[in-house]
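Residue-level structure breakdown
Chain by chain, the residues run as shown.
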Amino acid sequence: MPAGRVVSRLKPLHIMSAHTIELRLVPEEAFAPQALEAAIARQLGRRLPADFSYRILRRSIDARSRQIWIQLQVGIYPPTALPPLLSYERSAYPDVTQAPPVIVVGAGPAGLFAALQLAELGYRPILIERGKDVRARRRDLAAINKDQHVNPESNYCFGEGGAGTYSDGKLYTRSKKRGDIRRVLEIFVAHGAVEDILVDAHPHIGTNKLPKIIQAMRETLLEIGGEVLFDTRVESLIRQGDEIRGVITADGTRIEGLGVILATGHSARDVFELLHRQQILIEAKPFALGVRVEHAQALIDQIQYHRSERPDYLPAAAYSLVAQTQIGGIERGVFSFCMCPGGFIVPAATAPGEVVVNGMSPSRRDSKYANSGIVVAIQPQDWQSYTHPDEAALGALRFQQAVEQQACLMGGNTQQAPAQRLADFVKGKPSSSLLPTSYQPGLVSTVMDEVLPGFVAKALREGFQAFGKKMKGFVSNEAQIVGVESRTSSPVRIPRDNETCEHPQVKRLFPCGEGAGYAGGIMSAAMDGERVAKAFAQLYPLK
């Protein structure tokens, strides 16, 4: 740790035990070690000894006014009492080679963290993933961007690490009560993530860093005796009476265990279909649908930081927006979703014949573009006309599919996405040309009213107008909307008991994560994976 700066006319501080202080500093002080140490001394009213130690425990940016402030929580420690950074240790796992197996379907954050937690509790996880490992997966992503070919088994949603691996890496969550946030962050750090994620109020790993971290988590599982299967799609569940005892894969292989944790993600439509086919209860669920809006990052920086240029010590600016609209007498929320400063728009379709967009940011957030989903809440009455009497639980999914297929049609039946300049969309005017974009497959100028359901387009117009009042300059023809953003969350919920996390109809089946409808992002999915693994162990303890 750096030595404390001597501040004149202050008595020396004798640090006998650790304590915490709160600081509110201008960025020039917060990001300069000597200035920060001087601020610590001022706050304490004492001269700091040469051998003191400190650690930043929490850091956030307050840019609500023209003067930008950095809020810090700092721990001050005696020189020999600096606590270890991590309480989590990779070496703490037992050898589970001979332990009873539990099957985890899906290697996204929910599945990975469920598998690690199972191993910690003494079970042998068998992690099954339909897609490829992170390295092999890259070739399929390149094929989408360059050749506009979508592999339905390996894409931006399917493969090791799930949708988050190659679509962003934001670790912020509002789900404070779902689990141990610090523990999940420490597990990421222990597998290679930067220590800043333990400090920042809105932590972010970056899509360029996540693959190696995910690979390290897989290596931990293999080293302790777990099993990881790629290119292995689950075709059906093995049901014995009212219990689920395993899975049958697409090649006919039977894999049995003590039970199944189903962590397949929000886009595994075939899993919803197989549950429906096997008469296992599922339910239609509200979700949100809209577009991605893309601006120059420099413009968002100017709006948010109230200055013409962003200093190097400040991160690319983000925003969070929400508005309430009235469309046809129905109140509809319009809100920003998965805002990606310094990022890219990417193709997130999981099958040919559909166009879906998502956003991602590299760790440095150094793209010249900013993008965010701007989406509208979809409610049960919206998907009634898409609901077949024999498959009522799939009505929201069918509505979602129909919009994605229309986007593909308007994009020319390729992975090119329909788009329109933002001010033109708000005014109801066609765009004669489009702006440069981060979306690699390319854009097609389209009147987005021909892509989106009418009530969605109307709600988006009202929402954008409200956002333009909150952020002057947000609505202009120097921004454009790209469609469609439709995979905000699962359109299906797989029910489970609130306490045991077990499916209410069949035993030994544990729905988990985003695909089951119980999470929304990397952190909440990871915490749900841990929670479900613990619940499994409590209900079916080792003998």
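1. Quick look at the overall build of the chain
Assigned secondary structure in the chain consists of 13 helices and 22 strands. Relative to a compact globule of 543 residues, whose C-alpha radius of gyration would be 24 Å, the chain shows 25 Å and is just as compact. Looking at the chain as a whole, 57% of its 543 residues are labelled buried. Pairs at least 24 apart in sequence give 73% of the contacts found in the chain among residues at least 6 apart. When the accessible area of the chain is evaluated, it comes to approximately 22,500 Å², of which 49% is carbon and sulfur surface.

2. Description of the confidence of the model for the chain
Mean pLDDT for the chain: 92, with 96% of residues reaching 70 or above. Here residues 1-11 is a poorly scored stretch, pLDDT under 50, and it has 29 contacts once near neighbours within four places are set aside; other chains count.

3. Considerations on helix 6 (residues 210-223)
Taking 1.5 Å of rise per residue, the 14 residues of helix 6 would be expected to cover 20 Å, and the 20 Å separating its terminal C-alpha atoms lies within 8% of that figure. Taken residue by residue, helix 6 has Leu 210, Pro 211, Ile 213, Ile 214, Ala 216, Met 217, Arg 218, Thr 220 and Leu 221 as its buried positions. Residues of helix 6 that are buried make contact with helix 3 (109-120), strand 5 (124-128), helix 4 (134-147), helix 5 (181-190), strand 6 (227-229) and helix 13 (522-539).

4. Details of the nonpolar core
By size, the foremost hydrophobic cluster in this structure holds 92 residues, and its most contacted members are Phe 188, Met 217, Val 247 and Leu 275. Counting residues per element, this core draws most heavily on helix 13, at ten residues. Apart from residues lying up to four places away in sequence, Met 217 is in contact with Leu 112, Phe 113, Leu 116, Ile 187, Phe 188 and His 191. One finds Leu 25, Ile 76, Leu 289 and Phe 474 within the second-largest nonpolar core, a separate group that totals 69 residues.

5. Comments concerning the sheet that holds strand 14 (residues 330-340)
Taking strand neighbours across the sheet as the criterion, the seven strands line up as 13-14-17-12-20-18-19 in an open arrangement whose pairing is mixed. Lying at the two open borders of the sheet, with one neighbouring strand each, are strand 13 (322-327) and strand 19 (443-445). Sheet twist, expressed as the mean angle between neighbouring strand axes with direction ignored, is 35°. Taken together, the ten bridges between strand 12 (residues 287-296) and strand 17 (residues 369-378) define a ladder with antiparallel strand orientation. Following the sheet pairing, Phe 287 is matched in strand 17 by Ile 378.

6. Some remarks on the state of the cysteines
All chains considered together, the criterion is met by zero disulfides. Cysteine Cys 157 remains unbridged, with the sulfur of Cys 338 as its closest cysteine sulfur at 11 Å. On the basis of relative accessibility, which here comes to 12%, the residue Cys 157 falls in the buried class. The structure places no disulfide on Cys 340, whose sulfur is separated from the nearest cysteine sulfur, that of Cys 338, by 4.0 Å. Looking at Cys 340, the relative accessible area reads 0%, which means it is buried.

7. A closer look at the sheet that holds strand 2 (residues 53-62)
Spatial strand order, 1-3-2: three strands in an open sheet with antiparallel pairing. Unpaired on one side and paired on the other, strand 1 (19-25) and strand 2 mark the two borders of the sheet. Going across the sheet, the axis of each strand differs from the next one's by a mean of 20°, ignoring polarity. Pairing between strand 1 and strand 3 (residues 69-77): seven bridges, direction antiparallel. Across the sheet, residue Ile 21 finds its bridge partner in strand 3, namely Val 74. Contacting strand 1, strand 2 and strand 3, helix 2 (residues 33-44) crosses the sheet at an angle of about 115° to strand 1.

8. Concerning the packing of helix 3 against helix 5
For the pair helix 3 and helix 5, the least separation of the axes is 12 Å and the interaxial angle reads 95°. It follows that helix 3 is roughly perpendicular to helix 5 by the angle criterion. Facing helix 3, whose interface residues are Phe 113, Leu 116, Gln 117 and Glu 120, helix 5 presents Arg 183, Val 184, Ile 187 and Phe 188. Partitioning the contact of helix 3 with helix 5 into residue classes produces five nonpolar, one polar and two charged.

9. Observations concerning the side chain of Gln 379
Summarising the element assignment, Gln 379 is placed in the loop between strand 17 and helix 9 (395-410). Looking at Gln 379, its side chain comes within polar contact range of the main-chain oxygen of Glu 331, at 3.3 Å. Setting aside residues no more than four positions away along its own chain, Gln 379 makes contact with Ile 330, Glu 331 and Arg 332.

10. Examining the side chain of Arg 332
Among the structural elements, Arg 332 can be located in strand 14. Of the polar contacts made by the side chain of Arg 332, one reaches the backbone oxygen of Ala 377; its length is 3.2 Å. Not counting chain neighbours up to four residues away, the residues in contact with Arg 332 comprise Ala 323, Gln 324, Thr 325, Val 376, Ala 377, Gln 379, Gln 381, Asp 382 and Phe 455.

Conventions adopted
All residue numbers here refer to positions counted from 1 along the written sequence of the relevant chain. Residues qualify for local features only when their pLDDT is at least 70, as the model is predicted, and side-chain atom pairs are given and counted only at 80 or more; totals for whole chains, interfaces and linings, by contrast, use all residues. Side-chain figures throughout are based on the complete set of non-hydrogen atoms in the structure, without hydrogens or water. What counts as a helix is a DSSP run of H or I of at least four residues, what counts as a strand is a run of E of at least two, and both are numbered from the N terminus. As defined in this context, the radius of gyration uses C-alpha atoms, and a globule is described by 2.2 Å times the residue total to the power 0.38. Each residue gets one of three labels from its accessible area relative to the maximum for its type: buried under 20%, exposed over 50%, partly exposed in between, using a 1.4 Å probe on protein chains only. Contacts were defined at the residue level, with two residues in contact if any of their heavy atoms lie within 4.5 Å. All accessible-area figures derive from a Shrake-Rupley calculation using a 1.4 Å probe, and residue coverage is judged against the displayed protein chains alone. Within a predicted model, pLDDT stands for the predictor's per-residue confidence, ranging from 0 to 100. What a helix is expected to span follows from its residue count: subtract one and scale by 1.5 Å. Only buried residues count toward a nonpolar core, which is a set of Ala, Val, Leu, Ile, Met, Phe, Trp, Tyr and Cys residues joined through side-chain atoms within 4.5 Å. Strands are labelled as partners when DSSP assigns at least two bridges between them. To get an axis, fit a line to the C-alpha atoms, keeping to the stretch in contact for a helix; angles then go from 0 to 180 degrees between the N-to-C directions. Cysteine sulfur pairs qualify as disulfides if the two atoms are within 2.5 Å. Note on terminology: angles under 35 degrees are roughly parallel, angles over 145 are roughly antiparallel, angles of 65 to 115 are roughly perpendicular, and the others are oblique. Side-chain classes follow a simple rule in which Ala, Val, Leu, Ile, Met, Phe, Trp, Tyr, Cys and Pro form the nonpolar group, Asp, Glu, Lys and Arg form the charged group, and the remainder, Gly included, forms the polar group. We call two N or O atoms a polar contact when they sit within 3.5 Å, provided that within protein one can donate a hydrogen and the other can accept it, with sequence-adjacent residues counted only if both atoms are side-chain atoms.

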